[in-house]
There are 2 protein chains.
Amino acid sequence: MPFLQKSYESLDTLAEAIGQAIRAPITIENRHHQLLAYSTHPDSTDPARIATIIGRRVPEAVIEDLWESGILQEVIDRDEPVVIPARMAVGLGERAAVVIKQQGDVLGYIWSLARTTPFSEQELTVLQEGANIAKKLLMTIAMHERRIDAELERFFLEVLATPVLSPSHRDRLNELAPIAVASRLTVIECAQPVTPQLAERLFYVLATQQAIEVVLHAIDGQQLLVWHYMKSDLAEEETALLQWADRFETQLRDKFIEAEPRLGISRRFFESDMLYAAMEEARRVTSLRRKFPYELATSRTFEQIGIYQLVPDLARRIGLRLETHPTIERLQAYDVTHHTELVTTLEWYFYFDGNVKRVAAHLHIHPNTVLYRIRRIEELTNITQVSLPERAAVYLAIKAGQYRQDD
Amino acid sequence: MPFLQKSYESLDTLAEAIGQAIRAPITIENRHHQLLAYSTHPDSTDPARIATIIGRRVPEAVIEDLWESGILQEVIDRDEPVVIPARMAVGLGERAAVVIKQQGDVLGYIWSLARTTPFSEQELTVLQEGANIAKKLLMTIAMHERRIDAELERFFLEVLATPVLSPSHRDRLNELAPIAVASRLTVIECAQPVTPQLAERLFYVLATQQAIEVVLHAIDGQQLLVWHYMKSDLAEEETALLQWADRFETQLRDKFIEAEPRLGISRRFFESDMLYAAMEEARRVTSLRRKFPYELATSRTFEQIGIYQLVPDLARRIGLRLETHPTIERLQAYDVTHHTELVTTLEWYFYFDGNVKRVAAHLHIHPNTVLYRIRRIEELTNITQVSLPERAAVYLAIKAGQYRQDD
DNA sequence: GCCCACTTTGTGAAAAAACACAAAGTAGGC
DNA sequence: GCCTACTTTGTGTTTTTTCACAAAGTGGGC
């Protein structure tokens, strides 16, 4: 004796019907926790549900919490309604959830808030029934989505393969992206090629990012290329981006330990003509971060890598014979004969902007040792007294040398 | 009744003859105070003469002193023997000197040290006679020299006009330059085109430089191009060069106030194949010093201009769109609305490596004002906390912008 | 193995830089 | 014209950094 009809014309009417049957607010989400439908219910609702409906996706913090506490995993594994106690820290009242699955693949979820009384067996059965019905509707949507996604990915890769945009490409891109919004191209680079399984998991994390809006994305070898923009105002774009990048990379490293994902973010651009250049910038960032992991540990954007931007060019073009600097040559000679570390010390002394304490901390030595070495360097070269332009050149010379060495 | 013969086969025999006639040590110099001949005389001699004979040129300090005291000018103007009191500060005992002139042009000088007794009229007449005889010999030498010089200059300009050396050029250059010596190409750039008169005066100063050995030189428009090397050891080459460049530029500025001469020195090179590249380096230095007189006030070598090396490329190639840095844009916007100087302050804060005192001194403001502005900048951008590579990039961005503006 | 030159570390004193706070100056906006 | 928000300068205090010097450690050459 089913409580619901065999089928509904839309997810909205299904949500409404379940809501009526168990007399509680219902939300239906896709596999990326984006809102698909919700019941209009006059009764009390909790902050998490409001945020979900307003933002048309479940807040990032809630998803994080549900994963960390293992609840989401349980919902997926059980394949039948699970009652979840309230998690007030993230604004979540008590609720029940059921996964919508098709041959092991998650298609989405149905959530129901608890009223004042606990859920009855019957109400949970209704949820289970609802999940079965939603499956058919979601399969249609999912299939359509996947077709669209695959087509868009192919298109995106095509665009990124050609330095100069064709007029037809430009027209289509302009339809996809909002006008006059500062967007960026981000590369997520992995240690191994991105398999479809890994891609799916990466997309999941990407789709749940609240701060950004993804325009297009594509897989290319070991990289996931993402064209996106920040939801914040242009004035706060940079701050918001840096914060997001920091959080996002930490999240990725936690979730994909074996893949060692690394971000590279282009500068902002407003015209789709810049996509190719932006991709090169983003890739330059990941490539340099591969070479200089410590130095660029917290540099994710093209702006942040600073003059490292120039290192590959400098290492390549011998025209500017930058890396044979007499100062470095002399220090290197001294290092060899005296088993010292003057070049390295100088390098980090410059990097840390003359801050002896930080240099000492980084090299795990006594600050006075740094002072001693700096005085030695001064005796040999008096390079520490020069101004930024020359210091930077020496630093670049050291780095260009290392870059070539590794290559 | 002449005391000397009508002519002598060489300057050496002439010097010997004069020395015999007046029984005092004699030296004959060309117009650049390079030693041409000297008498062998057993009697006491002074430090200046010893140094002159050993170095085959009059020491720089002596020439400087003789110019500053007006003695040399007097010798040239008088056109007859002048008795010069001892100048012990530069190791010069009492002596007599006579200029060797030909139609107003100085060809050289004859010097005679005083014995214990003062010079007699007769002895001075002998000197005058000697100068007349030397004139003929010097004219031959001078004519020959000038022909050689002109030919060498033509050759040098030809070499510098072609980026890739022809085998015949290389062979001839290798004959001219010592092997395995670190040489440099220096450009002396003037505010006006170098006239033959100016060139002659410049060559005079150049020829009297003790620290360097000139291989070749040539005039090209407003520039005097000099290929030279330091007489010091390779290990001290750089230190010696920097010291010399400092002294030499001061000297030039004092002597040629209207020409506003400016030095540009290439990096050192060992192969004549590098001449063209070296010239480009040297010219890049003078060109940048023209654009950034204050910033590069004491930067004379290509090494010293540091990352300014890259500014023209950066300003030219929009490929690396470096000069639109969000940080600078934001600060510029603030500067406009608040009538402040944050960008300039940041620029010098970076240049002076975070030294508030020096920034304040350069901008003629209170150190606390600098601190206040830095805090403002931090509130707006937190750029001051980043490490060298990003700081340098911001600095470059500011500079590339200014470079383009001026152009 | 021992000496010698050089490097590293530790300690307290001295110098320098940063800071907090107040007062005075400045320039738009209403 | 006055108010307000912001900037600049001055003063004394606090914190940080540097310096001087001593002791201990290190490693290669004879």
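Residues numbered from 1 in each chain as written. Chains lettered and ligands numbered in written order. Predicted model: local features only at pLDDT ≥ 70, side-chain atom pairs only at ≥ 80, totals over all residues. Heavy atoms only, no water.

- Per an unreviewed UniProt entry, chain A carries the name PucR C-terminal helix-turn-helix domain-containing protein and comes from Exiguobacterium chiriqhucha RW-2.

### Notes on unusual backbone geometry
Next, step 1: For H364(A), which is not glycine, the phi dihedral falls at a positive 60°.
Next, step 2: Note on placement: H364(A) falls in the loop between α13 (356-363) and α14 (367-381). (Helix = DSSP H or I, 4+ residues; strand = E, 2+ residues; numbered from the N terminus.)

### Quick word on the relation of the copies chain B and chain A
Next, step 1: Between chain B and chain A, which share one sequence, the superposing operator has a rotation angle of 179° and an axial displacement of 0.0 Å; the RMSD is 0.2 Å. In symmetry terms, the pair is related by a two-fold rotation axis. When C-alpha distances to the rotation axis are compared across chain B, the minimum falls at A392(B), with a value of 3.2 Å.
Next, step 2: A shared interface surface links the copies, since 98% of the contact residues of chain B are contact residues in chain A too. (Least-squares fit on C-alpha atoms with pLDDT ≥ 70 in both. Contact = heavy atoms within 4.5 Å.)

### Here we look at the protein's contact with DNA strand C
Next, step 1: In the neighbourhood of DNA strand C, 15 residues make up the surrounding shell, with Y334(A), T369(A), Y372(A), R373(A) and R376(A) lying closest.
Next, step 2: Atoms of DNA strand C within 4 Å of the protein: sugar and phosphate make up 65%, bases the balance.
Next, step 3: At a separation of 2.8 Å, a phosphate oxygen of DNA strand C approaches a polar side-chain atom of Y334(A).
Next, step 4: Listed by contribution, the elements that provide at least two residues to the surface near DNA strand C are α11 (326-338) and α14 of chain A together with α13 (356-363) and α14 (367-381) of chain B. (Near = heavy atom within 4 Å. Polar contact = N/O pair within 3.5 Å; in protein donor to acceptor, adjacent residues only side chain to side chain.)

### Brief notes about the protein's contact with DNA strand D
Next, step 1: Lining the immediate surroundings of DNA strand D are 15 residues, of which Y334(B), T369(B), Y372(B), R373(B) and R376(B) lie closest.
Next, step 2: The protein-proximal atoms of DNA strand D, defined as those within 4 Å of the protein, are 68% sugar or phosphate.
Next, step 3: The side chain of N368(B) places a nitrogen or oxygen atom 2.7 Å from a base oxygen of DNA strand D.
Next, step 4: Measuring from a phosphate oxygen of DNA strand D, one finds a side-chain N or O atom of T369(B) at 2.5 Å.
Next, step 5: Of all the elements in the fold, those that place two or more residues in the surface near DNA strand D are α13 and α14 of chain A together with α11 (326-338) and α14 of chain B.
Next, step 6: Per-class residue counts for the surface near DNA strand D are four nonpolar, seven polar and four charged. (Nonpolar A, V, L, I, M, F, W, Y, C, P; charged D, E, K, R; others polar.)

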